[in-house]
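# Breakdown of the fold
Given next are the chains, with one letter for each unit.
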Amino acid sequence: MSKRERWGKKFEDKRDWKVENEKYVVRGEFLLDFDFVKSWDKELEEMNEEKRGAPFQFPESFIELLAVWGQWVSNRYLQGITRRFQFYGLIPKEADYSTISIRINKIDTSFELPKEGNISVSTDGSGMKMSNRGDYKETKYGNGKKKFLKVTISADPYKKKLLNIDVCVDGEGASEPEVAMSHLEELIALGFDVDKFFGDGSFDVHNLFDLLDQYAIAAAIKIRKNAVIGPDGKGSWKRDQELLKYRKNGYKKWARETEYGRRWTGTEGIFSAVKGIFGEETRSKNIDNMLHEVKRKFWAYDKICKYAET
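A short tour of the structure in this document, coming up. Predicted model, so just to flag it, every value in this text is computed and none were measured.

Rules behind the numbers
- Positions within a chain are numbered from 1, following the residues in the order the chain's sequence is written.
- Local features in this predicted model are restricted to residues whose pLDDT is 70 or higher, and side-chain atom pairs enter the listing and the counts only when it is 80 or higher, whereas totals over whole chains, interfaces and linings include all residues.
- Processing note: side-chain calculations cover all non-hydrogen atoms of the structure and skip hydrogens and water entirely.
- Every helix listed is a DSSP run of H or I at least four residues long, and every strand listed is a run of E at least two residues long, numbered separately from the N terminus.
- Here's how the labels work: a residue is buried when its accessible area is under 20% of the maximum for its type, exposed when over 50%, partly exposed in between, all with a 1.4 Å probe on protein chains only.
- Two residues qualify as a contact provided that any one of their heavy atoms is within 4.5 Å of a heavy atom in the partner residue.
- What sets the accessible areas is the Shrake-Rupley method with a 1.4 Å probe; for residues, cover comes only from the shown protein chains.
- Fitting a line to C-alpha atoms yields each axis, with helices limited to the stretch in contact; the angle taken between N-to-C directions then spans 0 to 180 degrees.
- Small angles under 35 degrees read as roughly parallel and large ones over 145 as roughly antiparallel, with 65 to 115 read as roughly perpendicular and the rest as oblique.
- Put simply, Ala, Val, Leu, Ile, Met, Phe, Trp, Tyr, Cys and Pro go in the nonpolar bin, Asp, Glu, Lys and Arg in the charged bin, and everything else, Gly too, in the polar bin.
- Put simply, a patch holds well-exposed residues, over 30% relative accessible area, that have no salt bridge, with like charges counted together within 9 Å and Val, Leu, Ile, Met, Phe, Trp or Tyr side chains within 5 Å.
- Salt bridges are counted wherever a side-chain nitrogen of Lys or Arg sits within 4 Å of a carboxyl oxygen of Asp or Glu.
- By the counting rule applied here, Lys and Arg register as positive and Asp and Glu as negative, while His and the ends of each chain are not counted.
- Every charge is mapped to an atom, namely NZ of Lys, CZ of Arg, CG of Asp or CD of Glu.
- Here a pair means two rings of Phe, Tyr or Trp (six-membered ring of Trp) with centres within 6.5 Å. Their orientation is stacked below 30 degrees between planes, edge-to-face above 60, and tilted elsewhere.
- Whether a charge sits over a ring depends on NZ of Lys or CZ of Arg being within 6 Å of the ring centre and within 35 degrees of the ring normal.
- The pairing criterion for strands is at least two bridges between them, as found by DSSP.

The next thing to look at is the overall build of the protein chain. Scanning the protein chain for helices and strands turns up twelve helices and five strands. Its C-alpha atoms give the protein chain principal-axis dimensions of about 70 × 55 × 50 Å. In the protein chain, which comprises 310 residues, the share counted as buried stands at 44%. Sequence separation of at least 24 residues holds for 65% of the intrachain contacts in the protein chain that already meet a minimum separation of 6. In the structure as shown, the protein chain presents an accessible area of about 18,000 Å², 49% of it carried by carbon and sulfur atoms.

Structure, rendered in structure tokens:
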């Protein structure tokens, strides 16, 4: 069988692999970055200032490191790790299982957003498993039907930077286009200038095109094959214009001109990386903790990537 003929320009890898290799090596350094030892007292002092009730005994930077390690080991393992930290004199006391569990489940999983205000956005969804120990949790929350956790992320495909995330049980929560609109509106409210939005055929909905038109955001959304021009006074003007361009140029030319394939680095590439590094199963038993656990996977990936960049 002959190889499938590639259309468009031949791919040219312009990456500096010496730099790329070092980036991945530095990501590994994050896992043993013990800067929290030097800043321990100062960070706790700031955290406990004007705090009511029992004071914090462990700084947030330490808990965040445990949360990243927690992608691979259980909270009881993490307690054992803190015990060795205490043994070697790195921290004043070990953290017990309850403290670790409570603090990790309260971590703010929002992503650190870019400093500059000009961004592009790509949105897509994927599934994560509810458990790695059979189908019990998957059927419990699905009325006897196997369910999964639906993850929808938005990221800048040019910077490969996560911007926002939504996690829900399959069949619940907002649709992918609705999540995309929510993410876009949040970014715009924060003062970001969104120049282009990327999405596959599932984002070919009129309301989303209307939102893009409202904020003069270019669209790189694959039009459905059965798409038709809306009747007079109905539908989306911007979507009709995109449909006409799509029909005139054909898919290949349209894809080249809009850089449609670029969306892969903003969504599928990140999904692949997160699942490959941290797995796609959850260990939590409580549904709310499951949702937070999935968010922590993407938060941890983003945090490690940010560390390597700085």
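What follows picks up the thread again.
Let us now look at the packing of helix α3 (residues 60-69) against helix α5 (residues 97-105). Relative to each other, α3 and α5 sit at 90°, their axes nearing to 10 Å. Relative to α5, α3 is oriented roughly perpendicular. Every residue of α5 that contacts α3 at E60, I63, L66 and A67 is listed here: I100, R103 and I104. Here the residues of the contact of α3 with α5 sort into five nonpolar, no polar and two charged.

On the surface, a cluster of negative charge is made up of D41, E45, E46, E49 and E50. Along the chain, the position of D41 falls in helix α2 (residues 35-48).

The tally for this structure, following the rule as stated, stands at 21 aromatic pairs. Taken together, the ring pairs in this structure connect F34, F36, W40, F58, F62, W69 and F85 into an aromatic cluster. Taking the ring centre of Y251 as reference, the NZ or CZ of K222 above it sits at 5.1 Å.

One pass over the full model with this rule turns up 13 salt bridges. E268 is paired through a salt bridge with R263; the nearest N and O atoms lie 2.9 Å apart. Taken together, the shared-partner salt bridges in this structure form one network comprising D124, R263 and E268.

With eight of ten residues buried, α3 is to be regarded as a mostly interior element. Considered for burial, the residues of α3 that qualify are F62, I63, E64, L65, L66, A67, V68 and W69. Of the surrounding elements, those touching the buried residues of α3 are α1 (17-30), α2, α4 (75-87), α5 and α12 (287-309).

What follows concerns the sheet that holds strand β1 (residues 118-128). Pairing is mixed in the open sheet, where five strands are placed in the order β3-β2-β1-β4-β5. Looking at strand neighbours, the two that pair on one side only are β3 (161-169) and β5 (218-221), the edges of this open sheet. Adjacent strand axes in the sheet meet at a mean angle of 20°, parallel and antiparallel pairs treated alike. Relative to the sheet, helix α11 (residues 268-278) contacts β1, β2 (149-156) and β3, its axis offset from that of β1 by approximately 50°.

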